[in-house]
Every structure is written in C-alpha cells, then in structure tokens.
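# Examination of the molecular architecture
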Amino acid sequence: MKAVAKYRLPSGGHIDRSQLLQFSWGGRTLHGFHGDTLASALLAHGIHFVGRSFKYHRPRGIYTAGVEEPNALVTVGRNGRMTPNLRATEVLLTEGLNAVPQNAWPSLDFDLLSVNNFLSPFLPAGFYYKTFMSPAAWWHKRYEPMIRRSAGLGCASGQADPDSYERRYAYAEVLVVGGGAAGLAAAHAAGQSGKRVVLVEQDWLLGGSLLARTGETIDGEPARAWLAKMQRELAAMDNVQVLPNTTCFAAYEHGMWGLLERLRHHGTEQDKPNAPRQRMWWLRAPRSVIATGAIERPMVFANNDLPGVTLASSAATYANRFAVKPGDRTIVFTNNNSGYVSALSLIEAGVEVKAIVDTRPAPSGAMAQRLLECGVTIFPGHGISRARGWHDLHHLRIAPIDEEGVAQRGGVLMSCDSLAVSGGWSPVIHLPSHQGAKVQWNEEQACFIVAEAPAGMAIVGGAAASFALAQAVQEGATAGASAVGATAPAYGAIHGAEGALDCDSIAWIKGKRGKAFVDLQNDSTAKDLALAIREGYESIEHVKRYTTTGMATDQGKLANVNAIRIVSKIRGLPMNEVGVTTFRAPYTPTTLAAFAGRELDDFLQPERITPLHDWSVTLGAAFEPVGQWMRAWYYPKAGEDMHRAVQRESAAVRESVGFMDASTLGKIEVRGKDAAEFLNRVYTNGMLKMPAGACRYGLMLNEEGTLFDDGVISRLADDRFFISTTTGGAPRVLAWLELWLQTEWTDLEVWLTSITEQWAALALNGPKARKVLQPLTDIDLGHEAFPYMRFREGQVCGAKARILRVSFTGELGYEIHMAPEAAVSVAEDLMETGAEYKITPYGTESMHLLRAEKGFIIAGQDNEGTTTPDDLGLSGLCSTKKDYVGRRGAERAGMRREDRKQLVGLLPENETLVLPEGVPLGAGELTPPFPILGHVTSSYMSPTLKRGFAMGLLRRGHKRHGETISALVKGAAVPCKIVPPMFLDPDGERLRGEDA
Amino acid sequence: MLLIPCPWCGERAEAEFTYAGEGGIARPKNPPELSDQEWADYVYYRHNPKGTHHELWLHLHGCGKYFRVVRDTVSNQIYGSAPMLEAPPAVPERKEV
C-alpha cells in the first residue's frame, strides 16, 4: 500500500479508498482514488501549480472544482485519443491516466516565455492591433507564427481519432437540467406523473452542491441519505431517464435541446472497445426545469492568479467531496456570507482556517460568531491588496479599504499557503439566454438573473438566485410538478445553507502594484478594462472584444460579471445599463466529432450510382463526382493517362461512333391537361404548338432574367411531356416548378413526377450511330423517317425504350432511355454490334470536349449568376410572342448593355497551349493591376482541330470577334484570338450521319 | 431547430423543410407594362420585418407541399400555418411588454 498523499484527509469524501489508482502527471507517477478528479488527485499531493497562462505565461493553479475552471487546462490521453484543453477539474481519474501540462516550454517550472510577464508593459489590451501593423507581408510569415507559439493552448494529436461518436434523437415531456437538490426534486415530482422525463447532470455524480457540504438535512434526514433515496426512486421509474456525464450545452427554438453524453472516460477504452466515446442527443422537450445552479465569482486584486488561490466553495468541495485539504494554513477572502459557509465547512473537515478577510465593514451573525469561537481572526472592512509568491502562494497583504475598494496604508502581512475567495455568485442562466431571455441585475443577491423565463421553461434554485437549500428544493418540486400539471409534494423540514448573501458591491481591490486579473484564462486585467474605456471602447461588447475578456474557452464564466462591475464603476453606470454580453451555445466546449457523429468518410454524403456503374467499373473507368452522382469520367486503356484517353475517345466519336452513360440526367414527367401551357410559361421558347413526338431544347430563366437550367423537352402526348434537366439541377428544378404550380398558377391542372431513377439513358453519338443501333431496334432510324429533334417509342434489344434523336456532340446522336434493368444488356449489345466500327465508350470529360467544339454551353460552367440568354448568344431561343418567367427581368436596361460579359470562343496563338479554366482575360501585357474583362469558362485540346481552344465570358464579347485578347497564365499574358463560340461544322451537316 | 406545423402532416422538425421566402408576393399580371423599378420591387425587395412575418415553407422531405407560415422573427414563435389556397393564419394582437 502506497503512503497516503500528504493533503488527503484521513476520512470522508465521495471517494473509494479501496481503489488506489496510478496516474502520470507530466511524467511523474502519482496515486489517487477512484472518485477523484485529476485536479483533486493533484491537490492531494499538494500540487497547485499546473499550467502557464495564455499571454504572460504566469504560473497558474487549480482555481475551481468544476466546468468553470479557467487555469487547469491539461492534455489527457495518448496517440489518437490525446485530447487537449480538458479541464483537470472535470477529468475522472482512471488507472494509468496520462496527463501533461500545456503552454510551457521547455517545462512547467522553467518556461522561457514567462519573460512575457516582464514585457507586459508592451502587451496591453489590443496590442495585436497596435504593434503588428507593418510591414504587411510580415503578418503571415513572422508575427502570426510568433504569436501562435507564445499564446497557445494544447495541441491536437495530429492522428485520427479511433473512437466513434453517436447521435440520438429523442422526445421527453420534461427535461430537467442539473442534478443538484433542486433538479432532483423537480425530476422526482415530474416523474411521478408517469410522463417522460429526462434528467441530465454534467458531473458523474448527482447531488450538485450537496456533495460539497456537510450537516445539511432534507425531510428530516441527512442530505446524503436523501440523495441516495432520490436516486433509487428515480431509477425505479421507467418513464424517467437519468443521464449523468451529460451536458445540456444549448437550448434551441421550440423546445429543442443539445445534450452531450460522455459515455467513456479517458483510460477506460479497454473496457468496452466498440462502445462510442460520446453521444450527441437532440432532444425535443416542450417543458423544462433549469436547475443549473450558480458559479462563484473570484475577487479581483493584485496577483489574484497565484497557484494556491481557489474559489471558496471549491476549497469546500475539495475538502468534503474529495477529502483533500487545499493547504495547511488557509485564509478566506470574501465580500459576502457564503465565504463564511465555506470557511465553516473547511474547519469541520479538518482544515486550519487562519483568518477571514471581509470587505464589508461590519459582518455579524451566527456564522461570524462561530468562526470567532473556532479561533479564526476576522478582518472586517479589509481587502487583500496584494498576494505574494511565484510558483506558489507565500504571503498576503491585508489592508483596510475605503468605500471605493481602494487599499489604504496599514494592515498586516500574513503568511499562508492557500487562499479561498468569494466575490459573490452568478446563477447559470446560459440556457434561458440562448433562447433570448432578458437578463437583469438583481441588487439584493448581486447577480444577473432571468427577468422572464422563455415559454415552457422554469428556472429554479441557484439558477434563479434562490441560494437557500430549502427554497431550492421547494422551487424544484413545484416546477417539476407544474410541468406535468400536478401539484407539488410537500417537503418536511430542510436545514441547509442560508439564502441571503448580503453581497458587497466591492469585488475589486485597487492597489498600486501588480496585475489584478479579471479573466484568468485570457490574461486580461482590471487595468486593461480601464484602458479600453479610455480609448473609447465603451459598450460592454466592445470592451469584451478589445480586451478579449470572456472570450477564452471558459467563455468568461468567472470573468464576465466582475468585468461588468468594473466597467460599471469606471463609467459610473448602473449594472443594468452596462448590460451583459450575448450568451451563445455551447455552454462548455463540445467535441466536434460528436456533432459529426457517424457522418464521416464514406458516410459523409450519400453516393448515387447509375445502373451502368458496375459495367463501367469492369471497363476500368475513372469516376468523378457530379453532385451526389458518381459519373464515368473517362475509360483509360492500358498505359493511357487521362489526356490520351480523352483524345482517343473524342476522336472515335467524331470519326466513327461512341456512347456514354447519360442516366444521371434529371428527368421529370409533366402531365395534365394544362401541361403545355405550364411549360410554355417556364421555358423561354414556345411549347404550345409542339406536336407529339417532337423534342425541343429549352432554357429556363429565373425572374431576374438569368439562366437557371436547360434541357430537352419531349412531348409524349397532348397532355404528357417529359423534360430533362442538368445532372446536378434535378431536385432544384423540380422544387422550383412545384413552387410555380402550387403558389402562383394554382388553376393549372399539372402533375410533376421525378423519373430520374426510373429511366437509364445511353447517349450514342457518331457518324456510324445509325448503323450500330438499327439492327437492335424495331424503330426505323432513317433520316427522313426519324428526323433530328424527334422522339420515338419502341424496342431496343427487346426492351421497351424511348429514343430521342438529339445531339450534344454535333454528330448524329440517339439518346436511348430504357428501364434500369435493361441498361447493361443494351450497352453490351451496342459493344457487340459496334465492334466492327470500333465503338468506344466515352466519359464526361470527352462529352465536355465534344460539346465545347460545337459551342454548346454547360449550364453552371459557361454562365454565371448574371448571364442572360442573350449573353450566351441564345436569344434565338427566346420567344418574343409570349410572356415567360424571366422575360421581363432580361429586358431591363442593365441586362441589355453592350459591355456585358458575353460568351466567346478563344483560340490561343500558341496552338499547343490549353488555357487553364478560370484564368482572367484582359487587354495587353496584363501588368497588375489590370482591369479584368472576363474569364475562361471551358478549355480543351481538340483532337479534331489539332489545337487548344476555349470559351469564355468577355465584356462586349459579341462585338469583338476577330480581335485579340490576353489570358493570364502563370503570370504571363497569353494572346488569344476572339472567335464565335463555334469551332466545328457551323451548318450542322454532321448531324445527318451515315445511312444505315 | 424549429417545430413547423405542416397543414398536411402536422408538426415536424425544421430539418424536413426548406424555407421558400416571403409569402404573399404575387407575380404581376402585366410584366411588359411595368417599369424596371416596379419589376425590381417584385423580384428583389422584401419586407425583412423585425416581428411578424408571412413566409412560405416547403415540406421537401415530407408531403412536398408549399404552405404559408406566420412566424415572429424575434421570438421564432409560429402563429400557425395554412395551405396555399387559404388565407394566412391570423396573428393575435401584440401584447405590450
């Protein structure tokens, strides 16, 4: 058996002394007990000094015993499970736990950057903005890396997290946040109705402040016995779910709550190797009881950050819950009654309290009397003007103060090794504030409270500034009962902490020397706040941002109210006029992986594949993602790279025949007696006179008059069409068409059905297309029998098919639509009958190249948000005889200016060059800065033209054919000839193809 | 996350819906006769009120219907919803705070 740690009390505490645990702290092997936090185990060994501060690298100790901890940030775990910036006060001690301090180099005891502390006159509030101004180029190269190195938190492991994170959606009638006395009473009262109740507690133990105190009784029994009874009874209620280790980190609209449940602690991974580490709950609960308690505030005085200084209630928690004494000689510094409660509690646990320093001139009452009887010296009307020490606390200067909190001459120097401070209490009102609750200053209890709880929420106990135990329990029971429409159970006698704090308005002792910290985590001082106000940052939101007070990972849980108090004093304004900064979710730092859950890697997005996907895989295709679809990009043969494959595929289509999987085209069936009228209103071209069996290429505009989507419309019958959309645009187009039908033209009888996945499609293109397809179909493919832009129904390879004679390549083309089940056998038959013509499957890249040779646009690539049909040279597709969506928009003066960006063809003078897509266009040498006149939208090497060619949007482009323009390629101006965007077969003779 | 009352499906989570803009905006009957400014008023200009707002929502991952919602943009309180062919839900008189 190892020797008991020096500061461990001989008995008491909610720890299991039979389970001795070994852990590592910065390489040192230490021991603690099951039930300890990392912080309590360190304190048991007398280790207060655990980290260096953010900016000045000052030694810092464990300040609190909970989630509000600003100083004791540590890195826990190894390899992929290494987690930085955990609060040592929240980390459950486990066997073999590995923890290291942060922000110190080379070591905690000897940190080179602690020189910052002496450079502090040069590091005032806002020093980033003032100092690192020029030269501008130094910011990224010098200043930022330097600041990052010196002002650091922990580091990420750089390795993948091996654990999994879960998500759950749930519903409860009542959510109770906080498992202290008030929350337990609420959950118990609500649970008895049989309705669904969820109780969350961020700690692994229920009980809240009951764990930190002794001698309290509820219903006539000791608080510990009552706690055990409540837990037993709640566990027995099937309708009540108690979630310890769970933080309610956010309140959202309409009773939505974000809960983070920590299922495994560091060091317990081997117990259940496949269990998730954390679970994110999205809980809908229309009613809630907020029993989140309150957080004690520090006092602000010189060197109030020395290791050995803790919150008074935290000192009491360490003594009573963990059986650890904060030191051998403790002094309490308070401005309210709760400092006396903590002092008495420390004495009862066996800690020597030397003195109480109280800012109030005449503290009295039973507690003061009892402390005097215990031999404690009380200094009324005094403050601590300065603490002394370096790595630990040595002395305190205790001085009389005036009404403004200014330290006067005189007083005493007293030695001690721990100081417990209380500057009042701040109710935890974050969750109601997330929902916009108005907050107001309560003078009586010296804290901000919620003025009016949001609908469905009840705020009870410490969270409502009801600090007396009896009041907290009664409020909890009443709120829990009324949330389910029941009457509150009556409780018997409750004996515990008194409620009235009698809190002094002085929480800042103004001395002559030393740093008086307001925000311990971000190293901002009372002096910084004064400076910000002097420099004109008066609003509390500005003061916060300029000094970074309250902007660290603890979000100012300790700092904010003191900062507001100091601003209120300096500006001479009441607290309510200074106001609070906005509370935002999450309440405490929340793991990003828990938000992501299982939506990682392959599960990040659903992947849509076509019926021909596997067939393309067997041909060795490379794929590219288009929206959620995976499309065959090119089909390389052995030894081919992408460029060579694309050149071969494209040449094959021009010279003979090829086909492409076009199944991803969006397809919508439009049906009803007004279908033609409807399409006539949403497409730019006329649809009314289109005969059954005809196809048309159409543009859709938005009401601004710019291109929205394009596709082919085929008329199946008088009352029946089917339209195609771009691959990525199908859901958007369908929702948009529905918008018109449902909201604007409600009198039209039209129904829309998505048929994208009901029809597979192959695009067969090339002069020999007819020869290949004719043997496989009963449809007469003759040029006169089945002309261009017509549509036929029949059989292909024995399967029912729709064939469209359309072309996106400029060659004779057939788009074959068939049932998905038939696609593979049709593709295989095409390969067989096409073998004598060397039929070539081609991918999206060749399709892009082939269409660009003909100047066909890809909606979304060759246009931008302001491009009209006229800009694209497509005004011929826009009817002048009817109104349609977007017509009036495109007719506005600005949409018809001559200097708009318009689509042009571009031929680089260097024929071997392929312009990179996206590069800017301008005149002359392009010496920066130069006016950007446009950009390249599509660019390829053409195997047919034997040269590079491109399309682009260019100002006044329509009128510049024949001129030369420069493209900026790798810093150099590349001259290009401007030509019409049509590089091949302008008269469309190739569309006829060869006869069968 | 809002809880939105679809007139056809009942209350569902916001994730099932898509916001479709301000409600009650009718397409002008006579576009060619409108000035550029009048057209811009229809296409671009919106009320963006602090308070009661008539808006359209689409139950995209549900029944696929567009419908009317009246929501308070400050409190997010939803006063009700209605099918497109009915009048927007009435707003209770504002109580003074």
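Preceding this paragraph is the structure being described.
Not measured: the values here are computed from a predicted model.

Turning our attention to the pattern of salt bridges. Residues and elements named next belong to chain A. Under the counting rule described, the total for this entry stands at 47 salt bridges over all chains. Across the pair Arg321 and Asp203 runs a salt bridge whose closest N-O atoms are separated by 2.6 Å. Placement of the pair is Arg321 in helix H7 (residues 312–321) and Asp203 in the loop between strand S10 (197–200) and strand S11 (217–218), with a sequence separation of 118 residues. Here Arg321 falls in the buried class, since its relative accessible area comes to 6%. In this structure, Arg360 engages Asp502 in a salt bridge whose closest nitrogen and oxygen atoms are separated by 3.2 Å. Pair noted here: Arg360 is in the loop between strand S21 (353–358) and helix H9 (366–373) and Asp502 is in the loop between strand S31 (494–495) and strand S32 (517–519), with a separation of 142 residues, a long-range link. Look at Arg360 and you get buried, because its relative accessible area is 8%.

Residue and element names in this part refer to chain A. That bond from Ala585 to Pro586 is cis: its omega, 0°, falls within 30 degrees of zero. Relative to the elements of secondary structure, Pro586 occurs in the loop between helix H15 (575–578) and helix H16 (592–596). Of note, the bond from Pro928 into Pro929 is cis; its omega dihedral lies within 30 degrees of zero at -5°. Position of Pro929 among the secondary structure elements: in the loop between strand S48 (920–922) and strand S49 (934–942).

Residues and elements named next belong to chain A. Spatial strand order, S12-S11-S31: 3 strands in an open sheet with antiparallel pairing. Whereas interior strands pair on both sides, the edge strands pair on one side only; in this sheet they are strand S12 (221–222) and S31. Looking at chain direction, S11 and S31 are connected through 2 bridges and run antiparallel. Within S31, the residue paired with Thr217 across the bridge is His495.

To continue, consider the sheet that holds strand S1 (residues 16–25) of chain A. All names here are of chain A. The strand order across the open sheet formed by 5 strands is S2-S1-S7-S5-S6, and the pairing between neighbours is mixed. The strands lining the two open edges of the sheet, one partner per strand, are strand S2 (28–34) and strand S6 (83–87). Strand-to-strand twist of the sheet, defined as the mean angle between neighbouring strand axes without regard to direction, takes the value 40°. Here strand S5 (residues 73–76) runs beside S6; their pairing, made up of 3 bridges, is antiparallel. Note on S6: the bridge partner recorded for Val74 is Leu86.

On to the pairing of strand S35 (residues 629–634) of chain A, then. Residue and element names in this part refer to chain A. Of all 6 residues that make up S35, 5 are buried, and the element is covered over most of its length. Relative to S35, strand S34 (residues 622–626) is paired through 5 bridges, and the arrangement is antiparallel. Bridge pairing in S35 links Glu624 to Arg631. Between S34 and S35, which pair antiparallel one after the other, the connecting turn spans 2 residues, and Gly627 there sits at a positive phi close to 60°.

Let's shift gears to the environment of Val200 of chain A. Residues and elements named next belong to chain A. The residue Val200 is located in strand S10 in this model. For Val200, a relative accessible area of 2% corresponds to the buried category. For Val200 and Glu538, which are 338 residues apart along the polypeptide, the C-alpha to C-alpha distance reads 39 Å. For Val200, the residues in contact, after removing those within four places along its chain, are Leu175, Val176, Val177, Gly178, Gly179, Leu243, Thr246, Cys248 and Leu259.

So, on to helix H6 (residues 223–236) of chain A. Residue and element names in this part refer to chain A. In this model, H6 (14 residues) spans 20 Å end to end at C-alpha, consistent with the 20 Å of a helix rising 1.5 Å per residue. Buried within H6 are the following residues: Ala223, Trp226, Leu227, Met230 and Leu234. Looking down the long axis of H6, one finds its buried residues gathered within 100° of arc, a one-sided arrangement. Facing away from the buried side of H6, by more than 90 degrees, are the exposed residues Arg232, Ala235 and Ala236. Tucked inside the fold, the buried residues of H6 contact helix H5 (181–191), S10, S11, S12 and strand S13 (240–243).

Conventions used here
Residues numbered from 1 in each chain as written. Chains lettered and ligands numbered in written order. Predicted model: local features only at pLDDT ≥ 70, side-chain atom pairs only at ≥ 80, totals over all residues. Heavy atoms only, no water. Salt bridge = Lys/Arg side-chain N within 4 Å of Asp/Glu carboxyl O. Helix = DSSP H or I, 4+ residues; strand = E, 2+ residues; numbered from the N terminus. Buried < 20%, exposed > 50% of the residue type's maximum accessible area, 1.4 Å probe, protein only. Pairing = 2+ DSSP bridges. Axes fitted to C-alpha atoms, helices over the stretch in contact; angles between N-to-C directions. Contact = heavy atoms within 4.5 Å. Expected span 1.5 Å × (residues − 1). Arc of directions from axis to C-beta.

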